[in-house]
Amino acid sequence: MKVSTDNNGSVLLITIFVIAFLSALTMGMLQMNTEEIQIVQNQIFAAEAFAAAEAGLNDTFSELRANPNWSAGFTDKAFNGGSYTVDVNDSTIISTGISQQGYVARIQADITIGSSSPYVIRIDHLRINE
């Protein structure tokens, strides 16, 4: 008795489709992982810029505690590979931090300075990246 098999290459065709599907699935997962890594890096760089802006605000508070009439500000003062710039206008402080990679963060604080030494600084309004 002779058994006849009439596949005509259908197994080969199914194998090729399965391999193509698995390859596409693998490439899609690798692409998603690459994007996740980029998102994490962006978050880190943005946090570095925010830390620089916060350092500028704290540096300004230090100067104001010593002299409540101080209004010189800072221009491109180095911090952690980046820098910060601070503008002081009356009771408003604007601190802009730039990370080493060029990311920018901005903090604006409306403050009230106490009348006697040590000069207590109260933040009335704080705006971040507006």
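A few points on the structure. (Residues numbered from 1 in each chain as written. Predicted model: local features only at pLDDT ≥ 70, side-chain atom pairs only at ≥ 80, totals over all residues. Heavy atoms only, no water.)

1. Here's the deal with the packing of aromatic side chains
To keep it simple, the criterion reads: Each pair of aromatic rings taken from Phe, Tyr and Trp, with Trp reduced to its six-membered ring, is defined by centres within 6.5 Å and is described as stacked if the planes are under 30 degrees apart, edge-to-face if over 60, and tilted in the remaining cases. Helix numbers and strand numbers start at the N terminus; a helix is a DSSP run of H or I with at least 4 residues, a strand a run of E with at least 2. For every residue, the accessible area (1.4 Å probe, protein chains only) is compared with the maximum for its type, and the residue is labelled buried under 20%, exposed over 50%, or partly exposed between those bounds.
Applying the stated criterion to the full structure yields four aromatic pairs. Aromatic pair Phe 45 and Tyr 103: ring centres 5.5 Å apart, planes at 50°, arrangement tilted. Of this pair, Phe 45 sits in helix H1 (residues 10–66) while Tyr 103 sits in the loop between strand S3 (92–98) and strand S4 (104–113); the two residues are 58 residues apart in sequence, bridging distant segments of the chain. Looking at Tyr 103, the relative accessible area reads 29%, which means it is partly exposed. Seen from their ring centres, Phe 74 and Tyr 84 are 6.0 Å apart, and the 90° between their planes marks the pair as edge-to-face. Of this pair, Phe 74 sits in strand S1 (residues 74–79) while Tyr 84 sits in strand S2 (residues 82–89), and the two are 10 residues apart along the sequence. Taken individually, Phe 74 and Tyr 84 each receive the classification buried, so the pair is uniform in this respect. Taken together through their ring pairs, the aromatic side chains of Trp 70, Phe 74, Phe 79 and Tyr 84 make up a single cluster.

2. Description of the environment of Pro 68
Just so we agree on the cut-off: Contacts are assigned to residue pairs that have any heavy atoms within 4.5 Å of one another.
Relative to the helices and strands, Pro 68 resides in the loop between H1 and S1. Judged by its relative accessible area of 25%, Pro 68 is partly exposed. Separated by 47 residues in sequence, Pro 68 and Ser 115 have C-alpha atoms that sit 8.8 Å apart. Excluding its chain neighbours within four sequence positions, the residues that come into contact with Pro 68 are Ile 113 and Tyr 119.

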